[in-house]
Amino acid sequence: MRFTNQRPDLGKAFAETERDIERAVTSGMRDAADGLKQDLREDVVAAGLGERLSRTWRGKTFPEVGDSAEAAAYVWSRAPKIVDAFDRGVVIRSSRGLFLAIPTAAAGKSGRSAVGSREKITPEGWQRRTGLKLRFVYRRGRPSLLVADDARTTKRGLATRNRRKTGQASVIVFILVPQVALKKRLDVESAAKRQAARVPSLIARHWPQS
């Protein structure tokens, strides 16, 4: 009776199985990252927070190159403070303890700083860009205002100097409030848990069929 050594064949089979595991786990985690990113983007839009904020979600799988049985996925937002505020529901107050200046349509969109980057719309920045002065209007029991005198609104709704001098007109540029309460409109943790529960099936989907 002749006996043969089967160890080389077993070693090859083990190696192939290990590679199958690495590919399935890595592909499954990549699907999980893509799925969670898409879910979070849809949640942001459904909450009425806009396409722009939804596109801040990013996803990445590690390792970035090759496969691993210990692959991991990471999903994050490029606007973490905004997402966190709507995820928890917070009260926003002025860091200086005064008012929050809420821009109206007459304030326009964010401007450009001296180095060309986007800057927030602030009363100081708006005055600097337009050359117009803002006047404080106190209203008892109602939000106070910052208005531009001798101004008018263009067809785009922006405030500009009234060059025709047809009489003084005031345009409301900022509404002043002591604080703003943001309601909870996102649930990032629940979305992550739902996607995590799908990971085993996502890995199984990439297991080679015999």
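Structure's up top.
These numbers were taken from a predicted model, which means no experiment stands behind them.

Moving on: a nonpolar patch on the surface. A contiguous nonpolar surface patch, about 470 Å² in accessible area, is contributed by Leu98, Phe99, Phe136 and Tyr138. Structurally, the position occupied by Tyr138 is in the loop between strand 7 (134-137) and strand 8 (144-149). Given a relative accessible area of 58%, Tyr138 falls into the exposed group.

As a further point, take the sheet that holds strand 7. One open sheet holds the four strands; their spatial order is 4-11-8-7, and the pairing between them is antiparallel. Strand pairing shows two members of the sheet lacking a second neighbour, strand 4 (100-103) and strand 7, which therefore form its edges. In this sheet, neighbouring strand axes are inclined to one another by 35° on average, regardless of whether the strands run parallel or antiparallel. Both strand 4 and strand 11 (residues 170-177) contribute to a ladder of four bridges, which runs antiparallel. Counted as the bridge partner of Ala101 is Leu176 from strand 11.

The next point concerns the environment of Trp57. Residue position: Trp57 is located in strand 1 (residues 57-62). Here the alpha-carbon distance between Trp57 and Leu40, two residues 17 residues apart in the chain, equals 7.3 Å.

So, about helix 3 (residues 80-88). Of all the positions in helix 3, only Val83, Ala85, Phe86 and Asp87 are classed as buried. Following helix 3 by one or two positions, Gly89 has its phi on the positive side, about 80°.

As a further point, take the environment of Leu49. One can find Leu49 in the loop between helix 1 (7-46) and helix 2 (51-54). When the C-alpha atoms of Leu49 and Phe86 are compared, they prove to be 9.3 Å apart, with 37 residues separating the residues in sequence.

With that settled, consider the nonpolar core. Ranked by size, the top nonpolar core spans 17 residues in total, and within it Leu40, Val44, Leu49, Leu53, Trp57, Val75 and Leu186 carry the most contacts. For this core, the elements supplying multiple residues, two or more each, are helix 1 and helix 3. At four residues, helix 1 tops the list of elements feeding residues into this core. The residues touching Leu49, leaving out its near neighbours within four places in the chain, are Val44, Phe86, Arg185 and Leu186. With 14 residues, the next largest nonpolar core counts Ala106, Leu132, Ala148 and Ala151 among its residues.

Parameters at a glance
- Residues numbered from 1 in each chain as written.
- Predicted model: local features only at pLDDT ≥ 70, side-chain atom pairs only at ≥ 80, totals over all residues.
- Heavy atoms only, no water.
- Patch = residues over 30% accessible without salt bridge, like charges linked within 9 Å, V, L, I, M, F, W, Y side chains within 5 Å.
- Areas by Shrake-Rupley, 256 points an atom, 1.4 Å probe, with all protein chains shown as cover.
- Salt bridge = Lys/Arg side-chain N within 4 Å of Asp/Glu carboxyl O.
- Helix = DSSP H or I, 4+ residues; strand = E, 2+ residues; numbered from the N terminus.
- Buried < 20%, exposed > 50% of the residue type's maximum accessible area, 1.4 Å probe, protein only.
- Pairing = 2+ DSSP bridges.
- Axes fitted to C-alpha atoms, helices over the stretch in contact; angles between N-to-C directions.
- Core = buried A, V, L, I, M, F, W, Y, C linked by side-chain atoms within 4.5 Å.
- Contact = heavy atoms within 4.5 Å.

Remember, this is a structural readout, not a statement about activity or role.
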